[in-house]
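# Residue-level structure breakdown
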Amino acid sequence: MTILAIISGGSKGFGRALAVELATHYQHIHLFLLGRDAKGLETTSSLINQCNGHATVNNVLIDLSDIDKLETQIQPLLDSIDYTKYSRILFINNHGSLGPLTSIEKLPISKIRTEIDLNVTSVVILNTLFIRHFNSKTEGFSNINATIVNISSLAAIKPFHSWGLYCTGKSARDMLHQIIATENADKIGSDGKAIITTLNYAPGPLDTDMQTEIRETCEHESTRTYFMEMKKEEKLVDPHDSAKKLVSILDTNKFESGAHIDYFDK
């Protein structure tokens, strides 16, 4: 049967790499790519079609920071899905932003809610709508499993100077997915595992536009220098290498629901 993957932030960076690696690994896959960059989504779709002619791709142009419109924009997408057609569902919360890389004292007040809405509030809303819809449409089907993946970070568990909003958002998202795992632990499918599982995956310091932003804008000199050295010494992680590891973790499906797994973990 076919895999269903819904990926937010699919227009560039790790979201694009993950979409391509999923399509490379699974011949029969249906992907919904969410993002606000139409050209970026089209590029991702083209790359998917180049590596897998059997894949089906739907681009969903959406601004996930527009909280007031989020439910009305996402609900039609969910209502279009027949989960019984798929052997497994992957709901991947990849979108996010760094926000101002400055100390808490210097944060622009106008930016705080904007960043929290994009990095946290939107993820809570997306998960709430997905879980509610999935449960209502799969009642009585104990052989359909869903995994909700949060693209996490070392910043979720370790403080970084001048990364206040980013670390706060990543930490909140990790806890949210742990709670979802706890709330669904006793809902067991025909395979003996929870019907809904979650995973917090930290992809490592990726060589993407976000890293460029850190090196160019981070207020804290030693943090900025650290990542400049990583780039110079070619120690940043290729997004496709990290995406391949995540696909492998999902494919073997032996992780503990709610776990935080890092790219560098053995």
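Just above, that's the structure.
Throughout what follows, the structure given in this document is the object of discussion. (Residues numbered from 1 in each chain as written. Predicted model: local features only at pLDDT ≥ 70, side-chain atom pairs only at ≥ 80, totals over all residues. Heavy atoms only, no water.)

### Quick look at the packing of aromatic side chains
Applicable threshold: Pairing of aromatic rings covers Phe, Tyr and Trp, the last through its six-membered ring, and needs centres within 6.5 Å; plane angles under 30 degrees mean stacked, over 60 mean edge-to-face, and all others mean tilted. Helix and strand labels come from DSSP, where a helix needs a run of H or I of at least four residues and a strand needs a run of E of at least two; each type is numbered from the N terminus. Categorising residues by exposure relies on relative accessible area from a 1.4 Å probe, with only protein chains included: less than 20% of the type maximum marks a residue as buried, more than 50% marks it as exposed, and the intermediate range marks it as partly exposed. Two conditions define a charge located above a ring, namely a distance within 6 Å from the ring centre to NZ of Lys or CZ of Arg, and an angle within 35 degrees of the ring normal.
Scanning all chains against the criterion turns up 10 aromatic pairs. Taking 6.3 Å as the distance between ring centres and 75 degrees as the angle between the ring planes, the aromatic pair formed by Tyr83 and Phe130 counts as edge-to-face. Residue Tyr83 is located in the loop between helix H3 (67-79) and strand S4 (86-93), and its partner Phe130 is located in helix H4 (residues 109-138); the two are separated by 47 residues in the primary sequence. In terms of burial, Tyr83 and Phe130 fall into one category: buried. With centroids separated by 4.7 Å and ring planes inclined at 20 degrees, the aromatic side chains of Phe160 and Trp163 adopt a geometry described as stacked. Accessibility classification places Phe160 together with Trp163 in one group, the buried group. Positioned above the aromatic ring of Tyr263, the side-chain terminus of Lys245 is 5.8 Å from the ring centre.

### Here's the deal with the environment of Ser152
Formally: By the convention used here, residues are in contact when the closest approach between their heavy atoms is within 4.5 Å. N or O atoms closer than or at 3.5 Å make up a polar contact, with two conditions inside protein: a donor-capable atom paired with an acceptor-capable one, and, for residues adjacent in sequence, both atoms drawn from side chains.
Tracing the chain through its elements places Ser152 in the loop between strand S5 (145-151) and helix H5 (164-183). With a relative accessible area of 3%, Ser152 lands in the buried category. With sequence-adjacent residues up to four places away left out, Ser152 is seen in contact with Lys170, Asp174, Asn200, Tyr201, Ala202, Pro203 and His260. Only 2.6 Å separates the side chain of Ser152 from the side chain of Asp174, close enough to count as a polar contact.

### Here we look at the pairing of strand S6 (residues 196-202)
Selection rule: Here, strands pair whenever DSSP counts at least two bridges between them. Look down the strands so they point away from you; if going from the first strand over the helix to the second traces a clockwise path, that crossover is right-handed.
Here S6 lies mainly inside the structure; 7 of its 7 residues are buried. Where burial is concerned, the two faces of S6 agree: the one with Ile196, Thr198, Asn200 and Ala202 and the one with Thr197, Leu199 and Tyr201 are both buried. Judged from the 6 bridges that link them, S5 and S6 form a sheet pairing that is parallel. When the bridges of S6 are listed, Val149 appears paired with Leu199. At this point the chain moves from S5, through H5, to the parallel S6, and the crossover so formed is right-handed.

Everything listed here is a matter of geometry and, on its own, says nothing about what the molecule does.
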